[in-house]
Amino acid sequence: MTAAATAGIDLVRFCAGGLTFAVEANKVSAMRAPQEPLPPRLSALLQLPRSAAEEAAPRERLLDFTHPEGTRGLLVDEPVIQCHLPASTLHPLPPLMAARLNLRCVRALACFDSPPNDTLAIVIDAWHLPRPELR
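Colleague: Please explain the environment of Gly73 as it appears in this structure.
Modeller: Turning to its location among the elements, Gly73 is positioned in strand β5 (residues 72-86). Between the C-alpha atoms of Gly73 and Arg61, which are twelve residues apart in sequence, the distance is 9.9 Å. Sequence-distant contacts of Gly73, defined by excluding residues within four places in its chain, comprise Pro39, Pro40, Leu62, Leu63 and Asp64.

Pasting the structure below:
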């Protein structure tokens, strides 16, 4: 394998609110089964509507993210997959989308796999996720 073929980024891919997301693997410190008290759901932090799959019988995982202020846990939907993504499949946000987006955590779009099974993922920065509202 050439250096160009291995250039890329290690990501953890998962679902939330019916969408596919990815985050840098080095910002995920652990993955475990959900436990009480339940941490916030990523879909709720991003104000995404609950998907039909979430309403039916969600298979969730608790991801612990490293953060300068300490570890933060968030619930995400399965499948959770660690992978290496070639740099050529990462795409900056289109200018109009970047200008209209209110979420500081969204960094790029990524294409996993190849047609006809390709999946578009939203690459987020775990350090810039919205803070959960206190109840």
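Colleague: Got a minute to help me understand the pattern of salt bridges in this structure?
Modeller: Pairing between side chains of opposite charge can happen when the charged atoms of each approach one another. Taken as a whole, this structure holds eight salt bridges when the rule is applied. The closest approach of N and O atoms between Asp125 and Lys27, which form a salt bridge, is 2.7 Å. With Asp125 in the segment after β8 (119-124) and Lys27 in the loop between β2 (19-24) and β3 (28-32), this residue pair connects regions lying 98 residues apart in the sequence. Given the relative accessible area of 10%, Asp125 is considered buried. Residues Glu60 and Arg41 are paired through a salt bridge, measuring 2.7 Å at the closest nitrogen-oxygen approach. Here Glu60, found in strand β4 (residues 60-65), pairs with Arg41, found in the loop between β3 and α2 (42-45); they are 19 residues apart in sequence, far enough to count as distant. Under the relative-accessibility criterion, Glu60 is labelled buried at 12%. Judged by relative accessible area, Arg41 falls into the partly exposed class, the value being 24%. When salt bridges with common partners are traced through the structure, they connect Glu24, Lys27, Arg107 and Asp125 into a single cluster.

Calculation notes
- Per chain, residue numbering runs from 1 following the sequence as it is written.
- Whole-chain, interface and lining totals are the exception, using all residues; otherwise, since this is a predicted model, local features are given only for residues with pLDDT of at least 70 and side-chain atom pairs are given and counted only at 80 or more.
- Hydrogens are left out, water is left out, and the side-chain values use all remaining heavy atoms of the structure.
- Helix and strand assignments come from DSSP, with helices taken as H or I runs of at least 4 residues and strands as E runs of at least 2, each series counted from the N terminus.
- Contacts were defined at the residue level, with two residues in contact if any of their heavy atoms lie within 4.5 Å.
- A carboxyl oxygen of Asp or Glu within 4 Å of a side-chain nitrogen of Lys or Arg is what we treat as a salt bridge.
- Working definition: with a 1.4 Å probe on protein chains only, accessible area under 20% of the residue-type maximum means buried, over 50% means exposed, and in between means partly exposed.

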